[in-house]
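Fold and geometry: a report
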Amino acid sequence: RKEVEQDPGPFNVPEGATVAFNCTYSNSASQSFFWYRQDCRKEPKLLMSVYSSGNEDGRFTAQLNRASQYISLLIRDSKLSDSATYLCSEDSSYKLIFGSGTRLLVRP
Amino acid sequence: SAVISQKPSRDICQRGTSLTIQCQVDSQVTMMFWYRQQPGQSLTLIATANQGSEATYESGFVIDKFPISRPNLTFSTLTVSNMSPEDSSIYLCSVLGPRPSGANVLTFGAGSRLTVL
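Within each chain, residue numbers correspond to sequence positions counted from 1 in written order. For naming, the first written chain is A and the first written ligand is 1, with later ones following in the order written. Predicted model: local features are reported for residues with pLDDT of at least 70 only, side-chain atom pairs are reported and counted for 80 or more only, and whole-chain, interface and lining totals are derived from all residues. To obtain the side-chain values, all non-hydrogen atoms of the structure were used and water was disregarded.

1. Quick notes on the side chain of B:Ser112
Helix numbering and strand numbering both begin at the N terminus, where a helix is a DSSP run of H or I of at least 4 residues and a strand a DSSP run of E of at least 2. Along the polypeptide, B:Ser112 turns up in strand β11 (residues 112–116). One polar contact links the side chain of B:Ser112 to the main-chain carbonyl oxygen of B:Pro8, over a distance of 2.6 Å. Residues adjacent in sequence count toward polar contacts only when both atoms are side-chain atoms; beyond that, a polar contact is any pair of N or O atoms within 3.5 Å, and within protein one must be able to donate a hydrogen and the other to accept it.

2. Some words on the environment of A:Leu80
All names here are of chain A. Here Leu 80 lies in the loop between β8 (70–75) and β9 (84–92). Partly exposed residues are those whose accessible area sits between 20% and 50% of the maximum for their type, while under 20% is buried and over 50% is exposed, using a 1.4 Å probe and protein chains only. For Leu 80, a relative accessible area of 39% corresponds to the partly exposed category. The spacing of Leu 80 and Pro 108 is 28 residues in sequence and 6.9 Å in space, taken between C-alpha atoms. Apart from the residues within four sequence positions on either side, Leu 80 is in contact with Glu 15, Val 106, Arg 107 and Pro 108. Any two residues whose heavy atoms approach within 4.5 Å are treated as being in contact.

3. Details of the side chain of A:Asp91
Looking at the secondary structure, you find A:Asp91 in strand β9. It turns out A:Asp91 is buried and unbridged, and the closest side chain with the opposite charge, A:Lys95, is 9.4 Å from it. For the purpose of charge, His is not counted, nor are the chain termini; Lys and Arg are scored as positive and Asp and Glu as negative. Every case where a carboxyl oxygen of Asp or Glu lies within 4 Å of a side-chain nitrogen of Lys or Arg is listed as a salt bridge.

4. Some thoughts on the sheet that holds strand β8 (residues 75–80) of chain B
Residue and element names in this part refer to chain B. Taken in spatial order, the four strands of this open sheet run β1-β3-β8-β7, and their pairing is antiparallel. Two strands close off the open sheet at either side, each with one partner strand: β1 (4–7) and β7 (68–72). The mean angle between the axes of side-by-side strands here comes to 15°, regardless of whether they run parallel or antiparallel. Being paired, for any two strands, means DSSP has found at least two bridges between them. To get an axis, fit a line to the C-alpha atoms, keeping to the stretch in contact for a helix; angles then go from 0 to 180 degrees between the N-to-C directions.

5. A few points about the layout of surface pockets
Lining residues are defined by having an atom within 4 Å of a point belonging to a cavity or pocket. Those points lie on a 1 Å grid over the protein atoms alone, cavities being sets where a 1.4 Å probe fits but cannot get out and pockets being open sets with protein on both sides within 12 Å along at least five of seven lines. Grid points are joined across faces, edges and corners, and a volume is the space filled by probe spheres set on the points. Here the largest pocket is characterised by a volume of approximately 530 Å³. Taken together, 23 residues line the largest pocket, and the ones lying closest to its centre are B:Gln37, B:Gln38, B:Pro39, B:Gly40 and B:Gln41. Only β9 and β11 (102–107) of chain A together with β9 (89–98) and β11 of chain B provide two or more residues apiece to the lining of the largest pocket. When residues are sorted by character, Ala, Val, Leu, Ile, Met, Phe, Trp, Tyr, Cys and Pro go into the nonpolar class, Asp, Glu, Lys and Arg into the charged class, and all the rest, Gly among them, into the polar class. Looking at the lining of the largest pocket residue by residue, the class counts come to seven nonpolar, 12 polar and four charged. In this structure, the second largest pocket encloses a volume near 450 Å³.

What follows is the structure in structure tokens.
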């Protein structure tokens with residue numbers, strides 16, 4: 001079993017839609033989780049950190065469910081510019097392990 | 001967050017040759033990491049490079065194939081040795097650094113896109 005698993009998508013949604021991604025992790029001892037955004041041919045960039053209390057930043061909400069060992073990312077009011085690959089990651093002893101990414105396509 | 005400069009940004013190499021990728025950070029950092037991202041895949045950690053000690057390699061990666069140097073707290077190199085087409089990938093340098101909130105987060109360089117013919 002992979003340490004971090006994501007649905008690869010693509011998720012194809014219209015502008016203005018709300019979309020949610022889940023990511024499961026296997027290491028129950030992991031304390032920190034992150035969502036990164038990666039645009040085509042670019043390096044990943046940190047989108048949000050996810051802590052036990054969750055995190056909200058504008059249209060983006062990240063939550064952690066320890067009991068079921070998954071994190072989620074909710075994007076409200078999708079914009080065309082949200083089209084990208086979203087990578088979740090867990091902090092495993094100061095090194096980040098990444099999922100395979102979920103591709104989001106926002107159409108006009 | 002730290003600013004990371006990586007070079008070369010891309011290269012095309014012949015099989016059997018070696019390529020060294022350089023990573024320069026604008027501040028001193030303890031932990032540097034080298035990742036690989038193969039076409040259509042996610043990021044796979046190759047090794048952790050700490051100044052003053054040998055790199056720690058992840059399962060499936062060995063020093064003979066991917067030698068790493070870390071001469072100081074702002075610089076590291078990764079060499080891809082005796083390359084084959086399977087080594088075609090993007091290689092990313094990253095550093096763990098603090099944010100104003102105090103949490104450590106990973107910042108990536110722009111990556112080095114390697115194509116092996």
